[in-house]
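Analysis of the macromolecular model
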Amino acid sequence: QAFLSPLNKIPGPWYTKFTSLPLKWREFRAERTTHVHRLHLRYGPTVRIAPNEVAFTSMSAVKEIYCSGGSGYDKTEFYDMFKVYGRRTMFTTLNKDHHAKRKRILADRYANTNIVKRPSLDGISERAANFVQRCAESVNGSLDLYIYLHSYAFDCVTHHLFHPYGADSLRDIKDEEIMREVTFDDSLQNRLIGYYSPTLHKIFGKILYFFAKPRETPLADDFILGTSSKTDTAPFTLLDRLHEPVFELDELDIAAECLDHMAAGIDTTGDGLCFLMWELSQPSSANHQRRLREELLANPGASFDKLPFLDAVVMEGLRCFPPIPMSLPRYVPDGGRVIDGYSLPGGAIVSCQAYSVQRVDESVFPDPNTFKPDRWLDGMDDAERKRLFFAFSNGGRGCVGKHLALAEMKILLRAVYSKFNTVPDKTMTMTDMEMSDQLISSRPLGQRCLLSFIPINEGANSRSQQ
Ligand code: HEM
């Protein structure tokens with residue numbers, strides 16, 4: 001059968017005609033993203049990565065797979081691994097009609113007009129101030145950003161879901177424990193075995209426990225189950241919307257949706273900021289850090305979304321270090337489709353990964369592995385760059401939390417870099433910051449990121465403003 005597959009015309013290593021084992025091996029080793037990227041560099045923008053799976057990086061493929069008909073092709077059962085409390089949430093619905101129904105309920109709370117409302121933004125700013133307080137306390141030592149940026153993201157996302165019942169993990173150790181439980185989860189291998197071989201997982205589940213831990217988040221479950229039943233949260237919150245009787249969602253549906261959004265909001269924003277601040281702290285970025293500070297100090301009253309260099313820094317951070325760098329798998333619809341000139345049968349799995357989409361086409365992103373915020377300030381070809389920006393995916397199933405995430409990132413960076421220089425702690429190694437893929441997101445391998453915060457004194461201020 002392998003010899004007759006319509007995918008045989010697609011470039012790729014010979015073994016992908018017969019087996020997906022090399023790909024699965026990389027997944028188990030938390031290295032899928034770089035494996036797929038290397039295949040793109042060797043075989044081009046379209047590459048076969050397994051007998052029934054093809055990866056793309058072109059703009060036309062992104063449009064076809066993720067945007068055709070509004071929300072693109074249906075998701076694959078890969079997303080079953082993210083089901084919570086046995087329920088399907090907006091993120092885990094596979095079929096686009098089911099998805100559209102749920103999105104109609106939720107989208108309003110994530111619209112930019114809702115995010116920029118005072119009580120929503122004030123909550124983010126307060127949490128950024130709590131973070132800066134941590135930085136100030138660490139002066140003359142170092143701060144583990146990995147921990148505290150995840151705390152910041154946890155506090156911000158739960159503020160948006162539950163205010164006034166959001167978490168306060170930057171100041172309260174009990175809430176920090178919840179964040180640690182979610183963030184230090186190590187269930188990748190266990191969940192992959194459950195997905196690829198449910199029978200093996202069932203038979204050896206108990207023995208497996210000692211080698212590959214399942215996902216267990218009792219503290220987070222308690223927090224969500226306790227909080228999602230509240231009916232008096234602020235009007236801008238997601239929970240307020242979910243409780244509207246007209247939607248007829250039961251308690252478990254509501255809890256599952258909230259847990260999903262909480263998880264979606266912690267690692268993504270936390271890791272995105274972590275990789276970005278690490279990069280900004282490198283000697284090679286000293287100039288970027290200086291320019292960022294100059295812009296912030298020269299415009300103390302400007303809105304966080306009206307600062308061009310800050311925007312460029314965030315865009316370039318998400319381009320170089322997309323928190324979800326990995327393939328977002330979709331099924332080719334019945335009847336088959338042609339993508340980038342290749343005929344694909346219905347049921348084939350196709351995907352794009354942000355890490356490669358944002359790197360492979362060097363005519364749009366020259367010198368793709370270098371962090372260069374200025375590329376986003378060059379008016380030429382701006383539309384091309386934005387069309388290939390895939391960190392939040394694209395189309396109707398793209399990230400609903402995008403505006404919230406961008407507000408959190410910019411408000412935090414403004415608060416920090418208006419007050420401090422950052423440099424890496426001497427104990428950090430480059431290996432600590434290598435990508436370690438999880439099911440869909442990637443985190444720093446060492447799960448630590450120590451930086452030193454050096455306050456900007458008045459003298460330095462006036463020098464940098466000259
Ligand atoms: C920098 C931060 C973030 C990045 C890079 C990011 C990226 C993404 C990506 C790539 C997807 C599509 C996943 C797929 O198709 O499999 C997605 C979906 C989603 N994101 Fe985010 N995200 C971020 C922050 C957030 C935040 C703060 C929230 C909010 C609470 C959030 C909630 C969601 C939800 C609910 C979905 C599912 C959307 C749907 O299926 O319609 N994300 N995100």
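Conventions adopted
- Per chain, residue numbering runs from 1 following the sequence as it is written.
- Only residues with pLDDT of 70 or above have their local features reported here, since the model is predicted, and side-chain atom pairs are shown and tallied only from 80 upward, although totals for entire chains, interfaces and linings are computed over all residues.
- Under the scheme used here, helices are H or I runs from DSSP no shorter than 4 residues and strands are E runs no shorter than 2 residues, and both carry numbers assigned from the N terminus.
- Radius of gyration means the value over C-alpha atoms here, while the globule rule gives 2.2 Å times the residue count to the 0.38 power.
- Burial is judged by counting the other C-beta atoms within 10 Å of a residue's own C-beta: 20 or more makes it buried, 12 or fewer makes it exposed, and any count in between marks it as partly exposed, with every C-beta position built from the backbone.
- What counts as a contact here is a pair of residues whose C-beta atoms, placed from the backbone, lie within 7 Å.
- At least two bridges found by DSSP between two strands is the condition for calling them paired.
- Note: pLDDT gives the predictor's confidence per residue, expressed from 0 to 100.
- For each residue, a C-beta atom is placed from the backbone, and the residue is labelled near a molecule or strand when this atom is within 6 Å of it.

On to the overall build of the chain. Counting its secondary structure elements, the chain contains 19 helices and eleven strands. Expected size for 466 residues packed as a compact globule is a radius of gyration near 23 Å; at 22 Å, the chain falls within 12% of this value. Overall, the C-alpha framework of the chain stretches about 70 × 50 × 45 Å when taken along its three principal axes. Buried positions account for 43% of the 466 residues belonging to the chain. Of all intrachain contacts in the chain linking residues separated by at least 6 positions in sequence, the fraction that spans at least 24 positions is 74%.

Here we come to unusual backbone geometry. Here the bond from His163 into Pro164 is cis, since omega is 10°, no more than 30 degrees from zero. If you trace the backbone, Pro164 turns up in the loop between α7 (145-162) and α8 (173-183). With a phi angle near 50°, Glu248 is a residue other than glycine that sits in the positive phi range. Within the fold, Glu248 resides in the loop between α12 (238-242) and α13 (251-280). With a phi angle near 50°, Asp367 is a residue other than glycine that sits in the positive phi range. In this fold, Asp367 is placed in the loop between α16 (354-357) and α17 (382-387). Its 9 C-beta neighbours within 10 Å are what place Asp367 among the exposed residues.

Quick look at the sheet that holds strand β11 (residues 450-455) now. The strand order across the open sheet formed by three strands is β3-β11-β8, and the pairing between neighbours is antiparallel. In this open sheet, the two strands that pair with only one neighbour each are β3 (143-144) and β8 (420-424). Here β3 pairs with β11 via two bridges, running antiparallel. Counterpart to Leu143 in the pairing with β11 is Leu451.

Another aspect to go through is the confidence of the model for the chain. Mean pLDDT over the chain works out to 93, with 98% of the residues at or above the 70 mark. Taken together, the stretch residues 458-466 has pLDDT below 50 and engages in nine contacts with residues farther than four places along the chain or on a different chain. Both scores are available for the predicted complex, with the pTM at 0.95 and the ipTM at 0.98.

As a structural note, the neighbourhood of the ligand is formed by 24 residues, with Gly265, Thr268, Cys399, Gly401 and Ala405 the closest of them. Looking at the shell around the ligand, the elements that each hand over two or more residues are α13 and α18 (402-417). Here the element with the most residues in the shell around the ligand is α13; it accounts for six residues.

Moving on, we come to the pairing of strand β1 (residues 46-50). The element β1 is extensively covered by neighbouring structure, given that five of its five residues are classed as buried. Across four bridges, the pairing between β1 and strand β2 (residues 53-56) is antiparallel. Pairing of Ala50 across the sheet is with Glu53, part of β2. What sits between the antiparallel neighbours β1 and β2 is a turn of two residues.

As for its position among the elements, Leu273 is in helix α13. When the C-alpha atoms of Leu273 and Ala383 are compared, they prove to be 25 Å apart, with 110 residues separating the residues in sequence. In contact with Leu273, other than residues within four places in its own chain, are Leu149, Met409 and Leu412.

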